[in-house]
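Each chain, letter by letter, is given below.
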Amino acid sequence: MVHKYKVSFTNGSCLGANTCNSINIKLVGTDGESENAEMSHSLLFLVRGYAYFVMSCSKSLGKLVQIELQKVAILKESDWFPANVTVRSPEGQTYYFPIYHWITDDQVYVFREGKALKASDENLDKCKDVREKELIKRREAYCWDTFKDGLPHCLKADDPQDLPGEVRFSFTKETQFFITAIEGLIHQVLTERKGIHEKWSNFEDFNHVFGFTTTKISEHVQKNWDRDEFFGYQYLNGSNPTLIQRCRKLPENFPVTDEMVSLYDHHSLTDEMESGNIFLCDYKVLDGVRPNVIESIQQHLTAPLVLLHKNPDDELKPVAIQLKQQPGKTNPIFTQCDEKYDWLLAKIFVRSADFSEHQLNAHLLRTHLLAEVFAVSLLRNIPMVHPLYKLLIPHMRYTLHINVLARQKLISDDGVFSLIAAVGGEGMAKVLKKSLSSVTYRSLCIPDDIVDRGMETIPNYYYRDDGLKLWGIINRLVKTILKHYYKNKEVNDDTELQMWISDIFKHGFLSNTSTGIPDRFSTVAELIKFVTMVIFTVSAQHAAVNSGQFDYGGYMPNNPVTLQHPPPTQKGKVSEKTLFMTFPEILPTVKGMETLWLLSKQSSDFVPLGEYPEEHFSEEAPCKAIEKFKNDLKHLSSAIEKRNKSLDVPYTYLNPLKVENSVAI
Ligand code: FE2
């Protein structure tokens, strides 16, 4: 009796996914294996990206567990990116095999059926064997490396071309990235031709450069950058919303007195601190860092302390600024009662320090570098058929590629940062190391972080409001899916899962127990919290610190990449001329703007949070959880859009429609 298996292939939607080569396929079931069958190159397959054919077997293969695929070149090699294979058995059962893997040679590749399985769920030796071999191969392809001592470890790859096809940018993304960079270059050439000299002489000069590329928010910044309430607002809803904390007691190195500051209705600083209306931003991570030298000019970077007050109108305004950590006669505490340019220059030094703190700590370290650690550990330790792989792999898209590019072009010794930023050069690694020592597990989990920073009740903190809701929605998805696969004991016994977290602890947090990062999981609850943090960090948190880079940094005076005049050591000596001597020169400014533009721009193959074009899960429970997730995100998006209509400056960065699934830019 002949047993017929109906096999359908679907190719990926990326450019170049279809192949003109022949395909050999073998079906493997619990009761036996088929012969190798050849699907010759069909025009339909090449053009439409799908194909269908029937395989005949002399006996039933039982339950199908895996397929083997081999691409055979006829005249010339043609790469192939199959998305999935579906097989309908003679018993009427449909089996789904997710693939999403580039096949570029004539080796035999084995892919598992879609049901998610932990190692303990495997019954067949041949499946256990495939599982082990897959990880051996991946550990060869994805190796750990050290970029600089004291930083999270990274993937060993010097160039994006060295990366396996699965983790590289698609052709579309690569082309677009290149075009955006070219646009930036054209902008720079235009700027040079406009005859702007090396130094700024008045605020009009900024408009020549700034006018080419703007956003609604960057235009708002241009108009409001020097206003105290806007300075305060940015700590809540700008691109660096996690530095601010409530201040119940002044730090010993910041001796502000009641007499120094002027608050509403003669309220004292002490009273307002007790009432919970005083906030602190401390840039201590920048202390002791030697600033860069650019084109033989010594640059300047300070490590300020900033005190802010929330007034009865719910405006957050700075009331005292000390530019260096060590108090003293040459390190005055500036207040809003000082002369206009003294106060403005102090705020400019803070905004420049904020550029460095934000880019290196909040953005690079706490999202990009950690996302890479989560991804490399996943690829090395978790096989494709594992539920954690299926859940997390869409959230790792393009992360390795963008980070290899960042190490090559942005933070290398001759990268953009070293050429234009005060914190570039040798200071960069020092700031990153100090920043890593300040990372705790609680600070990566927004519900804990908000409590620890005492930011539960301050009004108009949209990062907090939207972020907590997103955390809750992500947490529900993770909980539903992981509880479907795990009981507590199974967490303990899952060696692949334990290797994943152990590698993260070791390679990401350098085995530092004081971070509170777990080195193993004992309960499902621990696993759920950690995985929620991973997805939140690589999607929402990255969007919060990435998407507003040009909005808030595009107009240079609001966020200077560097400053080239020393900070004031006494009051009453600053004029408007001092500001122009202090701002960076035109070329670093333009290069900085272009970099921020490139890094804030949404690419056309952007995948928003909750969209999973690659369907790794096939079972009902996880698929239903994903549908619910999408629905929850849609509701949140509508609520955010409704809220934003009533705001002068809309807070869009955590609107799920604008949050990317992964660190991809
Ligand atoms: Fe980014």
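If you're wondering where the values come from, they're calculated on a predicted model, not measured in any experiment. (Residues numbered from 1 in each chain as written. Predicted model: local features only at pLDDT ≥ 70, side-chain atom pairs only at ≥ 80, totals over all residues. Heavy atoms only, no water.)

**Remarks on the packing of aromatic side chains**
So, point 1. The final tally for this structure, using the stated rule, is 27 aromatic pairs.
So, point 2. Where Tyr485 meets Phe617, the ring centres are 6.4 Å apart and the plane angle is 20°; that geometry is what we call stacked. Here Tyr485, found in helix α15 (residues 462–485), pairs with Phe617, found in the loop between α21 (586–600) and α22 (620–645); they are 132 residues apart in sequence, far enough to count as distant. Like Phe617, Tyr485 is buried.
So, point 3. Ring-pair connections join several aromatic residues into one group, and the members of that group are Trp200, Phe203, Phe206, Trp225, Tyr555, Phe580 and Phe583.
So, point 4. If you follow Lys148 out to its NZ or CZ, it ends over the ring of Phe147, 5.3 Å from the centre.
So, point 5. Lys529 extends its terminal NZ or CZ atom over the ring of Tyr441, reaching a point 5.5 Å from the ring centre. (Phe/Tyr/Trp six-rings, centres within 6.5 Å; stacked < 30°, edge-to-face > 60°. Helix = DSSP H or I, 4+ residues; strand = E, 2+ residues; numbered from the N terminus. Buried < 20%, exposed > 50% of the residue type's maximum accessible area, 1.4 Å probe, protein only. Lys NZ or Arg CZ within 6 Å of the ring centre and 35° of its normal.)

**Examining the sheet that holds strand β8 (residues 94–98)**
So, point 1. In spatial order, the strands read β5-β1-β7-β8; together these four strands make up an open sheet with antiparallel pairing. In this open sheet, the two strands that pair with only one neighbour each are β5 (50–57) and β8. Pairs of neighbouring strands in the sheet enclose a mean axial angle of 20°, with direction left out of account.
So, point 2. Bridge analysis of strand β7 (residues 82–88) against β8 gives five bridges, and the strand direction is antiparallel. Bridge pairing links Arg88 to Thr94 in β8. (Pairing = 2+ DSSP bridges. Axes fitted to C-alpha atoms, helices over the stretch in contact; angles between N-to-C directions.)

**Let's talk about the packing of α15 against α22**
So, point 1. Relative to each other, α15 and α22 sit at 170°, their axes nearing to 9 Å. When the axes of α15 and α22 are compared, the pair comes out roughly antiparallel. Contacts from Tyr462, Asp466, Lys469, Leu470, Ile473, Ile474, Arg476, Leu477, Thr480, Ile481, His484 and Tyr485 of α15 reach α22 at Ala621, Pro622, Ala625, Ile626, Lys628, Phe629, Asp632, Leu633, Leu636, Ile640 and Arg643.
So, point 2. A breakdown of the residues in the contact of α15 with α22 according to their chemical character gives 15 nonpolar, two polar and six charged. (Parallel < 35°, antiparallel > 145°, perpendicular 65-115°, else oblique. Contact = heavy atoms within 4.5 Å. Nonpolar A, V, L, I, M, F, W, Y, C, P; charged D, E, K, R; others polar.)

**Overview of the packing of helix α8 (residues 340–381) against helix α12 (residues 426–438)**
So, point 1. Viewed as axis vectors pointing N to C, α8 and α12 meet at an angle of 65°, and their least axial separation amounts to 10 Å. With respect to each other, α8 and α12 are oriented roughly perpendicular. Crossing of α8 against α12: the hand is right-handed. Facing α8, whose interface residues are Leu360, Asn361, Leu364, Leu365 and Arg366, α12 presents Met428, Val431, Leu432, Ser435, Leu436 and Ser438.
So, point 2. Broken down by class, the residue content of the contact of α8 with α12 amounts to seven nonpolar, three polar and one charged. (Left-handed = near helix turned anticlockwise from the far one by under 90°.)

**Remarks on the pattern of salt bridges**
So, point 1. According to the stated counting rule, one finds 30 salt bridges in the structure shown.
So, point 2. The partner of Arg290 in a salt bridge is Glu426, with the nearest N and O atoms 3.8 Å apart. Taken together, the residues span a long stretch of sequence, with Arg290 in the loop between β13 (278–282) and β14 (293–294) and Glu426 in helix α12 at a distance of 136 residues.
So, point 3. A salt bridge links Arg643 to Asp466, with the nearest nitrogen and oxygen atoms 2.8 Å apart. With Arg643 in helix α22 and Asp466 in helix α15, this pair connects stretches of sequence that are 177 residues apart. (Salt bridge = Lys/Arg side-chain N within 4 Å of Asp/Glu carboxyl O.)

**Regarding the state of the cysteines**
So, point 1. Tallied over the entire structure, the rule returns zero disulfides.
So, point 2. In this structure Cys20 is not part of a disulfide, and its nearest cysteine sulfur, from Cys14, lies 16 Å away.
So, point 3. With a relative accessible area of 28%, Cys20 lands in the partly exposed category. (Disulfide = S-S within 2.5 Å.)

**Looking at helix α2 (residues 125–141)**
So, point 1. Helix length check: α2, at 17 residues, gives a terminal C-alpha distance of 25 Å against a target of 24 Å (1.5 Å per residue), a fit within 8%.
So, point 2. Of the residues making up α2, those classed as buried are Cys127, Val130, Arg131, Glu134, Leu135 and Arg138. All buried residues of α2 lie within an arc of 130° about the axis, which places them on one face of the element. In this structure, α2 carries Asp125, Glu132, Lys133 and Glu140 as exposed residues pointing more than 90 degrees from its buried face.
So, point 3. Those residues of α2 hidden inside the fold are in contact with β6 (64–72), β9 (108–112), α8, α9 (387–392) and α17 (495–508). (Expected span 1.5 Å × (residues − 1). Arc of directions from axis to C-beta.)

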